[in-house]
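Below are the chains, spelled out letter by letter.
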Amino acid sequence: MFEAVRNNKRVAQIILAILIVPFAFFGMDAYFSDAPGGGEVASVGGSPIMAAEFEQALREQQDRLRNEGVQVDRAMLESEALRRAVLENLVNRRVLALYVAENRFSVTPQELQQTIAGVPAFQDEGQFSLQRYEALLRAQGMTPAMFEARLAQDVRLQQLSLAVGEGALVATESARRFMLAQLEEREVSEMRFAASALAGEVKLADDAVQKYYDSNAASLERPARVKAEYVVFDESALKQSVSVSDDEIRAYYESNGARFGQPEERQARHILIQLASDADAEAVAKARTEIESIHARLKAAPAQFEALAKELSQDPGSASRGGDLGFFGRGMMVKAFEDAAFAQQKGDIGEPVRSDFGFHIIQVTDVRAATTRPLESVRDEIRTELLRAAAGRRFAELAEQFSNTVYEQPDSLAPVAEALKLEVRQSDWVARDAAGLGSYQNAALIEALFSDDALTNRRNTQAIEVGNNTLVAARVVDYQAATRPPLDEVRAAIEAQLKSEEAARLAAERGAAALATLQKGEAVEGKWSAERKLQRGAPVLPANAMQAVFSASSAKLPAFVGVNDGVEGYVIYRISAVKRPEMAADDPQLLAVAEQYERVLAEREFAAFLSELRQRYKVEVKLPAKATE
């Protein structure tokens, strides 16, 4: 039974979903957030979602995005779209929570225990660590009971998600038709009416360029641009100003002994007689008699443990191995079993013990003593961590100084550069529509550079966060306003564009006329390319061309379709043969497609289910235009 719970696929799915929903989307703190007072941002079935709860979820999502290791635009982090997405997630979880409460979904203690043991945040070198688990909870001011109650709620939500998703069934014939359509082949050749070949025939009106210039002022305008100097303040700028002593490393090592140690582990085997936790007295008496009989046989012949486990144990996962459960540490098994196993001496056969699974006879077969890695083997690891932490603290201390200095001495970046030993960097021309300054892609930074104060008064921008623990302040040193270049400067480009457009129009006109002739069964002048085979599921032509070729009727071959290729011209495709594949009902490709189709349907089913619940529980969104300060 223990082995069956440990390896259950459904449990693994639940663990995965828990990691995806609260840990990945909100960060681990989602389990530790209460819902304090404040204004409502939404209500679900009369149950309010408060501003404080929403703001915490928003901050956690912003932090998760920053910690992904890529530059994140602050405008995106503060966008209405992100705030709406976070609120939608909160609403959906509240809707599902109401439903599971109404329908009395439950989670067994065993399922919850195995779920917790499988969470990577609670593991040390791939094994569940009770010390790490308790330390993380203490750090958040939580007790195991409080945490497990919230975790159980997430497991119930996932039970519901699986129940709805697994109801999506795909007819084999539907998948087969889809697959046959994807594998269908058509032999095609093409005749091109290239716009470039007709450019010499184009004659523009004498005033065509002037008219275009006069009527397209906005599109011809070159955006405003600046040259700027800027300073960057991040943790790398502090590397030389922080240090860690050997005494600090030793102190950290000694105060975090559990992190660098491996707790005691035991290997045991057991014989299980199953018994429900709520079994009546008669069933308990029967199971107790059976386990005591086995125990008596083992007392008389201890060497028979493995053979008796194979014969009599009712744990299907371990019986075939003579009851062997492998090595486990504290927190990996239910408490009654764990207490008994860790109280026994190696080789002893203990008295029968009852757990939620039934009665066990346990024999400890090996013991791995607790170990601790020596300081020298982890010194560099500790040093790196302490340096990073020191730099982070130092950054927090000096970030305010950086911001204040660029604000209080707005006419130059030299004071802040001198005070914090930073380099003043120079940019090339930066356009008003640029994505960022230098390697810092940030819309807010560009917005600040083109503000009236920065352009007119040449004052420093405020310190702007452009990434995780990275601040930038800039100052305009040169500026060019938006301007439309003189006609002579752009005449050649306008003329080329107009000729290209007219040539494309002529090509489309002639191509369409040729297509009409071919569809009448008459011949046209032109050169066909070599035939090639196309497959719907492996597109090699532009999307509009693939759509035209595979939408064409194959009742009469050859068939002809035409596609306007924009400025390139016009293309006629001749379809000369169609090959439709055969597919057996048990073809592996068919089974794979059916599974993918099933997943798509499951997502749609769950979305529809959520939509229905949102109507049932009456969702009302009251999200303010701006987050509460």
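I will try to describe carefully the structure that is included in this document.

Conventions used here
- Residues numbered from 1 in each chain as written.
- Predicted model: local features only at pLDDT ≥ 70, side-chain atom pairs only at ≥ 80, totals over all residues.
- Heavy atoms only, no water.
- Salt bridge = Lys/Arg side-chain N within 4 Å of Asp/Glu carboxyl O.
- Buried < 20%, exposed > 50% of the residue type's maximum accessible area, 1.4 Å probe, protein only.
- Helix = DSSP H or I, 4+ residues; strand = E, 2+ residues; numbered from the N terminus.
- Axes fitted to C-alpha atoms, helices over the stretch in contact; angles between N-to-C directions.
- Parallel < 35°, antiparallel > 145°, perpendicular 65-115°, else oblique.
- Left-handed = near helix turned anticlockwise from the far one by under 90°.
- Contact = heavy atoms within 4.5 Å.
- Pairing = 2+ DSSP bridges.

### Things to note about the pattern of salt bridges
Now for step 1: Using the criterion set out here, one finds 27 salt bridges in the structure.
Now for step 2: The salt bridge partner of glutamate 338 is arginine 330, with a shortest N-O separation of 3.3 Å.
Now for step 3: The class for arginine 330 is partly exposed, based on a relative accessible area of 38%.
Now for step 4: Close ionic contact of aspartate 366 with lysine 346 constitutes a salt bridge, the shortest N to O distance being 3.6 Å. Remark: lysine 346 occurs in the loop between helix H15 (335–343) and strand E10 (353–355) and aspartate 366 occurs in strand E11 (residues 358–368); sequence separation between them is 20 residues.
Now for step 5: Members of the salt-bridge network, linked through shared partners, are Glu190, Arg192, Arg532 and Asp565.

### Quick word on helix H6 (residues 109–117)
Now for step 1: Counting buried positions along H6 gives 8 out of 9 residues, so the element sits mostly inside the fold.
Now for step 2: Turning to H6, its buried residues are Gln110, Glu111, Leu112, Gln113, Gln114, Thr115, Ile116 and Ala117.

### Overview of the packing of helix H13 (residues 281–300) against helix H14 (residues 305–312)
Now for step 1: Put simply, H13 and H14 touch, their axes get as near as 10 Å, and they point 155° apart. When the axes of H13 and H14 are compared, the pair comes out roughly antiparallel. At the point where H13 passes H14, the crossing takes the right-handed sense. Contact residues: Ile294, Arg297 and Leu298 in H13; Phe305, Leu308 and Leu312 in H14.

### A word on the packing of helix H10 (residues 208–215) against helix H20 (residues 487–519)
Now for step 1: Close contact between H10 and H20 brings their axes to 9 Å; oriented N to C, the two are set at 110°. Our classification of the angle between H10 and H20 gives roughly perpendicular. For the pair H10 and H20, the contacting residues are Ala208, Val209, Gln210, Tyr212 and Tyr213 in the first and Leu487, Val490, Arg491, Ile494, Glu495, Gln497 and Leu498 in the second.

### Description of the sheet that holds strand E2 (residues 47–50)
Now for step 1: Strand order in the open sheet made by the 3 strands is E2-E1-E22, with antiparallel pairing throughout. On the outer flanks of this sheet lie E2 and strand E22 (619–621), each paired with one strand and no other. The average undirected angle you get between the axes of adjacent strands in this sheet is 20°.
Now for step 2: Where strand E1 (residues 40–44) meets E2, 4 bridges bridge the pair, whose relative direction is antiparallel. Considered in E2, the bridge of alanine 42 is made with isoleucine 49.
Now for step 3: Packing of helix H5 (residues 80–102) onto the sheet brings it into contact with E1, E2 and E22, and relative to E1 it is tilted by some 30°.

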